[in-house]
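Architecture at a glance
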Amino acid sequence: MKIGILTGGGDCPGLNPAVRGFVIKSIEYGHTVYAIREGWRGLVKPIIDEAPLTLNDVDELIYRGGTALRSSRTNPYKDPAQLQAVKDNIKAHGFDAIGAFGGEDTLGVASKLYKDGFNTVGCPKTMDNDLSETDYTFGFDSAVGVNVDAIDRLRDTARSHMRVIVLEVMGRHAGWVALHSAIAGGADAVLLPEIPMNVDELCEQVQRAYDRKKYAIVVASEGVELPDTDESEATLDAFGHVNLSNRAVGETIAKIIEERTKLETRSAVTGHIQRGGAPTAFDRVLASRLGVRAAQCVHEGDFGKMVALRGTDIVTAPIEAAVGTLKVIPVELYEQVKTLFSK
């Protein structure tokens, strides 16, 4: 079989090990895998390698962050001309299947292409951990690790200067990164997209912590709904998502806290630092297993499926089910761990 492989959406630690696992297993089966560069854009232009990927091309990807295949947020279903180009180029290059490695948007395109008669297999990637049908996605553990390190460092300076510090982390619709970072980092308060912000409660938490130890740490997801903010004219990306880069969530919350409590408050943003760097051991193993299983799906002709982690097992699920509903934090889980931020 001739297989095309691409990575789309935001990069994250684990993409390279997943690609490595996919290529190694595919070669073992006797298939050839060709790199489609820059996500779905690579099937629009096209940007496709002339020679298949070899073991030497992927062997050392296990420890590298980002994506060696490069990425984009191209949505061919937004433009009929681009969509036709994607379909024409799949046929012109003789691809028997496309392995799509990405999150909700990238896999959403793969799901639609499958419905349109093209063989696709998905491998879940998102730092936000918000894809349904899988317990964890690679990139998440690495991102949380970066944020916990940041919290530990911010705690030192917060304690030294008797300040409140708000750390803004990634998470558009789901607060998994924020919640896990806050728990593991011992934060005093956490703000999530799933839970409406209660300014009075937030300030009470901050004040209690400050009265006890003369500093406080707050973790806020970038997707949290800010009070008294009109985002009706916000810019959107190719998939219709609000551009979060100009919301200044951490800075805005820091100002609110300082105005309410009169405590000196600063903000910090880990931003794209969460995306870079070597993947953790957990993400290397998870990504490798998912990549191998995705190659198995292609070999067996099990198309329209996404590989997933359930418990400790790698299983498959329809891509459509995985992208149909985002996996957000259940209220029950938040209520269970809320006590950690009410001390």
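Residues numbered from 1 in each chain as written. Predicted model: local features only at pLDDT ≥ 70, side-chain atom pairs only at ≥ 80, totals over all residues. Heavy atoms only, no water.

**Structural notes on the sheet that holds strand β1 (residues 2–7)**
For the record, the criterion: For two strands to be treated as a pair, DSSP must find no fewer than two bridges joining them. Here a helix means four or more residues in a row that DSSP labels H or I, a strand means two or more in a row labelled E, and each is numbered from the N terminus. Fitted lines through C-alpha atoms serve as axes, helices being fitted only where they are in contact, and the angles separating the N-to-C directions of these axes extend from 0 to 180 degrees. Whether two residues are in contact is decided by their heavy atoms: any pair within 4.5 Å suffices.
Reading across the sheet, the 6 strands line up as β2-β1-β3-β4-β9-β10 and stay open at both edges, with mixed pairing between neighbours. Looking along the sheet, the strands with just one partner apiece sit at the ends: β2 (32–35) and β10 (313–318). Here the strands of the sheet are splayed against their neighbours by 30 degrees on average, with no regard to which way each runs. Summarising the sheet, strand β4 (residues 120–124) and strand β9 (residues 305–310) pair through 2 bridges and their orientation is parallel. Bridging from a neighbouring strand, Gly122 pairs with Met306 of β9. Of the strands in this sheet, β1, β2, β3 (97–102) and β4 are in contact with helix α1 (residues 15–29), which crosses β1 at around 175 degrees.

**A short note on the pairing of β2**
Operational definition: By the criterion used throughout, a crossover qualifies as right-handed when its path from the first strand across the helix to the second strand runs clockwise, the strands pointing away from the viewer.
Where β1 lies against β2, 4 bridges are found, and the strand directions are parallel. Across the sheet, residue Lys2 finds its bridge partner in β2, namely Thr32. You can see the chain leave β1, run along α1 and come back into β2, and the turn it takes is right-handed.

**Let's talk about helix α8 (residues 199–213)**
Filter applied, for reference: One less than the number of residues in a helix, times 1.5 Å, gives the span that helix is expected to have. Accessibility here uses a 1.4 Å probe with only protein chains present; expressed as a share of the type maximum, an area under 20% marks a residue as buried, one over 50% as exposed, and anything in between as partly exposed. Arc, as used here, means the arc of the directions from the helix axis to the C-beta atoms.
For α8, built from 15 residues, the straight-helix expectation of 21 Å at 1.5 Å per residue is met to within 8% by its first-to-last C-alpha distance of 21 Å. Those residues of α8 not exposed but buried are Val199, Leu202, Cys203, Gln205, Val206, Ala209 and Tyr210. Down the axis of α8, the buried side of the element spans an arc of 155 degrees, and every buried residue falls inside it. Buried residues in α8 make contact with β5 (164–169), β6 (189–191), β7 (216–221) and α9 (249–261). Following α8 by one or two positions, Lys214 has its phi on the positive side, about 70 degrees.

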